[in-house]
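# Secondary and tertiary structure notes
Next come the chains, spelled out residue by residue.
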Amino acid sequence: MTLSWNEIKSRAITFSKKWEDESSENAEAKSFWDSFFNIFGIERRRVAAFEKPVKKQDGKHGFIDLLWKGVILIEHKSKGKNLDKAFQQAKDYFPGLKDYELPKYILVSDFQLFRLYDLDNDTIVEFALKDLIHHVQLFRFIAGYEKRVYKEQDPVNIQAAIRMGDLHDALKNSGYTGHVLEVYLVRLLFCLFAEDTSIFERTQFQDYIDKQTKTDGSDLGVHLAQLFQILNTPKDKRLKTLDETLNAFPYVNGKLFEEILLFPAFDSKMRELLLFACSLDWSKISPAIFGSMFQAVMNPKERRNLGAHYTSEKNIQKVIKPLFLDNLYAEFEKAKGNKFKLQELHVKIAQLRFLDPACGCGNFLIISYRELRLLEMEILKALNKTGQGFLDIQTILQVDVHQFAGIEYDEFPARIAEVAMWLMDHQMNMLVSEAFGQYFVRLPLRKSAHIRHGNALQLDWNDITPKENLHFILGNPPFIGHHYQNKAQKKDMALIFNQVKGFGVLDYVAAWYYKASAFIQKTNIQVCFVSTNSITQGEQVGLLWMPLLNVFKIKINFAHRTFRWSNEAKGNAAVHCVIIGFANFDMPDKKIFEYADIKGEATELMVKKINPYLVEASELVIQNQSNPICNVPAMKYGSKPTDGGFLMFTNEEKEAFLKLEPNAEKFIKQIIGSEEFINHKLRWCLWLVNANPNELKKLPQVMKRVESVKKFRLESKAEATRKYQYPTLFRQIAQPTEDYILIPRVSSENRLYIPIGFVSKDVIANDAVNTIPGGTVYLFGILTSQMHMTWVKYTCGRLKSDFRYSKDIVYNNYPFPINMSDINKKKVEMAAQEVLNIRLKYPDCSLADLYNVLTMPPDLIKAHQILDKAVDLCYRPQPFTTELNRIEYLFGLYENYTAPMFKVEKKKK
């Protein structure tokens, strides 16, 4: 049994007094170290051996004074001997040790002086015997108290996952697969963790394998099957004739070892892999991080980059702090010094219930539970100061894992989540034990987190945790854009959005928002989800948030605007996300977290209201409009080839083609898309509109390409494309008959302005651009202004982080200035023309060069600044000081413009 720190310190004092006069290595070394281990309640002979024979680096044989395999090597000398030489002697033994035997600490001593080398952290601490009481916590790893600061990039998490991955592969290759393999690995994970964190005795699991099983591994499966049965059997129900080694293991329960599994057949290599896994210090493992890594080992492709497969704690904190943690700590600060208020808060946090309906390996639940336990410990410390002492800390602790529930689609991560919650619970119990000087371990496991294996979009969440008992729903549901959803996911979407028209363009994550909103009706449950920022941009806003606001009366109470959701692992693809906290009620103090740099830190803004665009403005939702809400020329899509590339040419391809078919030159026209327009590239196309059939017959190379287009379309998955009967033409034709303004449909978010320009009617616009036939210089000036760019940032969709300009959402809904004076309109025209003139000064530069924030010419910057001021004056005489200032004004203007459109007339009686 692990001792309390109070007992350990008392024993340390007794030890120091007993050995203060000893000096002879040969006479009393063994007794000395037996007594030393006894300080921590450890029987030395159970964990460590004296005079371990080993072959040294020079080939000679030597004897290690004392070795605890995988933990500590002790070299002992007589009083006054050189400890530097003792350390070097200890290092010389390393080549003769197996990997799993290599120690993490070296301790050298001459009775009166101790020197501890921490090989993992590369630290050395030296102290005298009389000062042991002041340094006894250095040996917490012996006592079973392992104090750790868990780092997201701590290599030990990756090492652990790799070792489990190797064992997984070996078992799988032997034919042991599927559900039984997954459960088996989770059980082994628990045992590995248990022996390094005082759930089992130190090295109890490792020693059982090492000493009780054959080296060829032939009986290892049988022994582990028996051990798993013992761990699931209470002490009083075990056979009286049971081997003492097995009977020494505690009763675990928790249903972890309940299922009877077909045991695998091990060999010598597999046995070595398991012992190698045992040699790692599993007390260092972070349950929140390791769970995702453990899951990743099941996939060889993912295993190559294990560090990318967890949600960083920093990002989890962005969810849980504004959702519940900040408020609970604020209550705690107010309750300090007041015994009764502290007790009320303690009862309150023990009654809170949490649900993550897409929990994966449980990252959000694990961190939330840890933070709740840390708060409980602070409350208990504060109560202690008020005079309330604790005779038995176990009777005072109230927060437990059963307060947390989750739903997970895949079984393996669901089982990992359940076990990881127990592991975190035990780590917190060790922290409490150290803080209050009383050892506490929660065995047998009578309570567990409620992790349901199933489809959260098809299950009734009330069956997992009744809504009347629930307080918080949180998590990171799968993002999956509509293009990437499989048949099952599309079926889920149809189930959830059966009352919503056009839901097919929504991301998969939207289904969790919708289901949670329906679930929390007439409750005080608060919800917070992480999702891609696409649900706050473009057409998804109208489709998702109209029913959430109007049908379910959802209120957004806090939000993180777009930021980069990732850890710093090499090769980890970043996702641009938002975090939205909402409920069926309004909170008085709303918060928006703004990111000047999406990779940086947030600035907290206190606001009165938050709309679906995560702006402090009315709860309006901008929907698709087929026509502009203002009196401006219509915007159109470019022409869509759907030709398989057979009607397209690069410069080189065009020249080569015309050498074969010179008479086709009249049918070849320049074609332009976003890439060509922005980067000043030339592309060409066969434009056969109104081409005479007799002429085409005389052009065999043209006909060959037309035939290829026909074949390509007939093989299309789209029925409309297969039925299209005009292989000489683009699939959709929308070429302007007059010169036009061109707006790229996709453009980098890093530019201050989307590059927009005028193009001749003789240049074919493809479907990667939008066009405004007959657009004026004034219109160009408005569209290339900071005012319009602000509207774009908040309302357009995104392709990754790039702007995806939509005519039906962005242009048709844009509140253009009305009733401006002729003078102000003229100023816009003059300023816009100056922008165009300055562009002409750089004929060798592409628009990408001219609008790169690093290379944008100063005169072009100045011209745009003048244009911005001219456009601003068309809206109002007062200057706009911030981007938020602009968007709030534009939303207000939009609301005024559209109010008559959406006004419902009352029926006459």
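Treat the numbers as computed from the prediction; the structure is a model and nothing was measured.

What counts as what
Residues numbered from 1 in each chain as written. Predicted model: local features only at pLDDT ≥ 70, side-chain atom pairs only at ≥ 80, totals over all residues. Heavy atoms only, no water. Helix = DSSP H or I, 4+ residues; strand = E, 2+ residues; numbered from the N terminus. Expected span 1.5 Å × (residues − 1). Buried < 20%, exposed > 50% of the residue type's maximum accessible area, 1.4 Å probe, protein only. Contact = heavy atoms within 4.5 Å. Patch = residues over 30% accessible without salt bridge, like charges linked within 9 Å, V, L, I, M, F, W, Y side chains within 5 Å. Areas by Shrake-Rupley, 256 points an atom, 1.4 Å probe, with all protein chains shown as cover. Salt bridge = Lys/Arg side-chain N within 4 Å of Asp/Glu carboxyl O. Pairing = 2+ DSSP bridges. Axes fitted to C-alpha atoms, helices over the stretch in contact; angles between N-to-C directions. Parallel < 35°, antiparallel > 145°, perpendicular 65-115°, else oblique. Phe/Tyr/Trp six-rings, centres within 6.5 Å; stacked < 30°, edge-to-face > 60°. Lys NZ or Arg CZ within 6 Å of the ring centre and 35° of its normal. Core = buried A, V, L, I, M, F, W, Y, C linked by side-chain atoms within 4.5 Å. pLDDT = per-residue confidence, 0-100. Disulfide = S-S within 2.5 Å. Lys, Arg positive; Asp, Glu negative; His and termini not counted.

A word on helix H22 (residues 539–550). Under the 1.5 Å per step criterion, the end-to-end length of H22 is 17 Å for 12 residues, consistent within 8% with the ideal 16 Å. Of all 12 residues that make up H22, 9 are buried, and the element is covered over most of its length. Among the residues making up H22, those that are buried are Gln540, Val541, Gly542, Leu543, Leu544, Trp545, Pro547, Leu548 and Leu549. Buried residues belonging to H22 abut helix H21 (510–519), strand S12 (555–565) and strand S13 (575–583).

Residues Leu752, Val853 and Leu854 make up a contiguous nonpolar surface patch of roughly 340 Å² in combined accessible area. Positionally, Leu854 belongs in the loop between helix H32 (847–850) and helix H33 (858–875). By relative accessible area, which is 78% here, Leu854 ends up exposed.

This part takes up the sheet that holds strand S23 (residues 764–765). Reading across the sheet, the 4 strands line up as S17-S19-S18-S23 and stay open at both edges, with mixed pairing between neighbours. Where the open sheet ends on each side, the last strands, each with one partner, are strand S17 (648–649) and S23.

Right, let's get into the sheet that holds strand S5 (residues 113–118). Across the sheet, 6 strands lie side by side as S1-S2-S3-S4-S5-S6; this open sheet has mixed pairing. Strands with a single pairing partner mark the edges of an open sheet, and in this sheet they are strand S1 (49–55) and strand S6 (123–128). On average, adjacent strands in this sheet sit at an angle of 30° to one another, irrespective of strand direction. Of the pairings in the sheet, the one linking S1 to strand S2 (residues 61–68) comprises 6 bridges and is antiparallel in character. The residue of S2 that forms the bridge with Pro53 is Phe63. Seen against the sheet, helix H4 (residues 83–92) touches strand S3 (72–76), strand S4 (105–109) and S5 and runs at an angle of roughly 140° to S4.

With that settled, the discussion passes to the pairing of S12. Counting buried residues along S12, 8 of its 11 residues qualify, which places the element largely inside the surrounding structure. Direction of pairing for S12 relative to S13: antiparallel, over a ladder of 8 bridges. Residue Ile556 lies in a different strand from S13, and its bridge partner there is Phe582. Here 3 bridges tie S12 to strand S14 (residues 590–594), and the two strands are oriented parallel to one another.

Turning next to the packing of H21 against H22. Running from N to C, H21 and H22 cross one another at 10°; their axes reach a closest spacing of 10 Å. Viewed along their axes, H21 and H22 adopt a mutual orientation that is roughly parallel. Packed against H21, whose contacting residues are Ala510, Tyr513, Tyr514 and Ser517, the element H22 presents Leu544, Trp545, Pro547 and Leu548 at the interface.

Tallied over the entire structure, the rule returns 57 aromatic pairs. With 6.2 Å between their ring centres and 85° between their planes, Trp33 and Phe114 make a pair best called edge-to-face. Residue Trp33 is found in helix H2 (residues 25–38), and its partner Phe114 is found in strand S5; the two are separated by 81 residues along the sequence. Accessibility assignment for this pair places Trp33 and Phe114 in one class, buried. Across from the ring centre of Phe94, 5.1 Å away, lies the NZ or CZ of Lys91, which sits over that ring. In this arrangement the basic side chain of Arg876 is found over the ring face of Phe880, its NZ or CZ atom lying 4.0 Å from the centre.

On to the pairing of S14, then. Sheet topology note: the S14/strand S15 (residues 603–607) ladder contains 5 bridges and is antiparallel. If you follow Phe593 over to S15, its bridge partner there is Glu604.

Most often, soluble globular proteins keep nonpolar side chains buried together rather than apart. The biggest cluster of nonpolar side chains holds 115 residues, and the ones touching the most others in it are Ile473, Phe497, Tyr513 and Trp545. Residues within four places of Phe497 in sequence aside, it is in contact with Phe503, Leu506, Ala510, Ala511, Tyr514 and Leu544. Tyr176, Leu224, Phe472 and Leu474 belong to the second-largest nonpolar core, a separate cluster that totals 108 residues.

Located in the positive-phi region is Ile480, a residue other than glycine, with phi close to 25°. Relative to the assigned elements, Ile480 resides in the loop between strand S10 (472–475) and helix H20 (487–496). Look at Ile480 and you get partly exposed, because its relative accessible area is 25%. For Thr642, which is not glycine, the phi dihedral falls at a positive 40°.

Put simply, the protein has an average pLDDT of 87, and 91% of its residues get 70 or more. Across residues 303–310 the pLDDT falls below 50, and counting only partners more than four positions away or on other chains, this stretch makes 33 contacts in the model. The low-confidence segment residues 567–573, where pLDDT is below 50, has 15 contacts with residues more than four positions distant or belonging to other chains.

All told, the structure shown has 0 disulfides when counted by the stated rule. This cysteine, Cys361, is not joined by any disulfide, and Cys359 carries the nearest cysteine sulfur, 8.2 Å off. We classify Cys361 as buried; its relative accessible area is 2%. With no disulfide of its own, Cys528 lies 12 Å from the sulfur of Cys577, the closest cysteine sulfur.

Relative to the elements of secondary structure, Asp868 occurs in helix H33. Although Asp868 is buried, it makes no salt bridge; Arg886 carries the closest opposite charge, 6.1 Å away. Ignoring anything within four residues of it in the chain, the contact list for Asp868 reads Tyr753, Ser785 and Gln786.

All right, on to the pattern of salt bridges then. Here the structure, examined in full by the defined rule, presents 31 salt bridges. Residue Lys591 pairs with Glu604 through a salt bridge whose shortest N-O separation is 3.6 Å. Of this pair, Lys591 sits in strand S14 while Glu604 sits in strand S15, and the two are 13 residues apart along the sequence. Linking Glu695 and Lys666 is a salt bridge whose minimum nitrogen-to-oxygen distance equals 2.9 Å. Residue Glu695 is located in helix H25 (residues 693–697), and its partner Lys666 is located in the loop between helix H23 (651–660) and strand S18 (668–672); the two are separated by 29 residues in the primary sequence. The exposure class of Glu695 is partly exposed, given its relative accessible area of 31%. Look at Lys666 and you get exposed, because its relative accessible area is 55%. A network of salt bridges, in which partner residues are shared, links Lys52, Lys69, Glu101, Asp210 and Arg271.

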